[in-house]
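Secondary and tertiary structure notes
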Amino acid sequence: MAAARKRILKEYTECSNDTPPGMKINFDEQNMTEWEILMDGPEQSVYSGGHFKLRLTFPNEYPFKPPVVSFKTKIYHPNVSNDDKGSMCLGMLRPDAWKPPNKVISVLHLVRTLLIEPNVDDAIEASIASEFKDNKKGFEKTAKEWVKQYAK
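- The name an unreviewed UniProt entry assigns to the chain is E2 ubiquitin-conjugating enzyme, from the organism Mytilinidion resinicola.

Things to note about helix H3 (residues 126–134)
- Residues of H3 that are buried include every one of Ile128, Ala129, Glu131 and Phe132, and no others. The arc enclosing the buried residues of H3, seen along the axis, measures out at 160°, which places them on a common side. Seen from the open side of H3, the exposed residues pointing more than 90 degrees away from its buried face are Ala126, Ser127, Lys133 and Asp134.

Considerations on the side chain of Glu125
- Inspection of the secondary structure assignment puts Glu125 in the loop between helix H2 (104–116) and H3.
- From its side chain, Glu125 meets the backbone nitrogen of Asn82 in a polar contact 2.7 Å long.
- Residue contacts for Glu125: discarding those within four places in its chain leaves His77, Pro78, Val80, Ser81 and Asn82.

Description of the pattern of salt bridges
- For the coordinates displayed, the defined rule picks out six salt bridges.
- Note that Arg7 and Glu11 form a salt bridge whose closest N and O atoms lie 2.6 Å from each other. With Arg7 and Glu11 both in helix H1 (residues 2–17), this residue pair falls four residues apart, about one helical turn. Comparing Arg7 with Glu11 shows no difference in burial state: the two are buried.
- We note a salt bridge from Lys103 to Glu14, for which the minimum N-O separation is 3.1 Å. Here Lys103 is found in the loop between strand E4 (68–71) and H2, whereas its partner Glu14 is found in helix H1, with 89 residues between them in sequence.
- Of the residues examined, Lys103 reaches a relative accessible area of 25% and is grouped as partly exposed.

Things to note about the side chain of Asp122
- Along the chain, Asp122 turns up in the loop between H2 and H3.
- The exposure class of Asp122 is buried, given its relative accessible area of 16%.

How each quantity is defined
Residues numbered from 1 in each chain as written. Predicted model: local features only at pLDDT ≥ 70, side-chain atom pairs only at ≥ 80, totals over all residues. Heavy atoms only, no water. Buried < 20%, exposed > 50% of the residue type's maximum accessible area, 1.4 Å probe, protein only. Helix = DSSP H or I, 4+ residues; strand = E, 2+ residues; numbered from the N terminus. Arc of directions from axis to C-beta. Polar contact = N/O pair within 3.5 Å; in protein donor to acceptor, adjacent residues only side chain to side chain. Contact = heavy atoms within 4.5 Å. Salt bridge = Lys/Arg side-chain N within 4 Å of Asp/Glu carboxyl O.

So this is what it looks like as structure tokens:
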């Protein structure tokens, strides 16, 4: 665990120096395996104007096992589970795809990118992905309503 803590601290420093736009990381040295991330919805997305809380959790085996990203703020998105867990489906965070050299800063940039352009081919919520593909205006309307309702 000492090696993991050292790596997490190093990654936090990197993230602090290059935080993606609209993101703030709350870091507690007493519990450095769990980060709270506050993220503004990207301007060029249907989530613009929203404020989202995410949790990034590092396993004891980090960096050999990937961190877990979850939305604590409810969001209407094909790559985020529509339940109380708010699990995010990110290809690079799958155990078979994660490599120890991968960096948290890349994960944060990917989360932001997915809010701008969802990956419907790797959806965790198939019905939302279908709506995004087949009725984009309907998807955008619902996503914006959820932003107003949950992401103030």
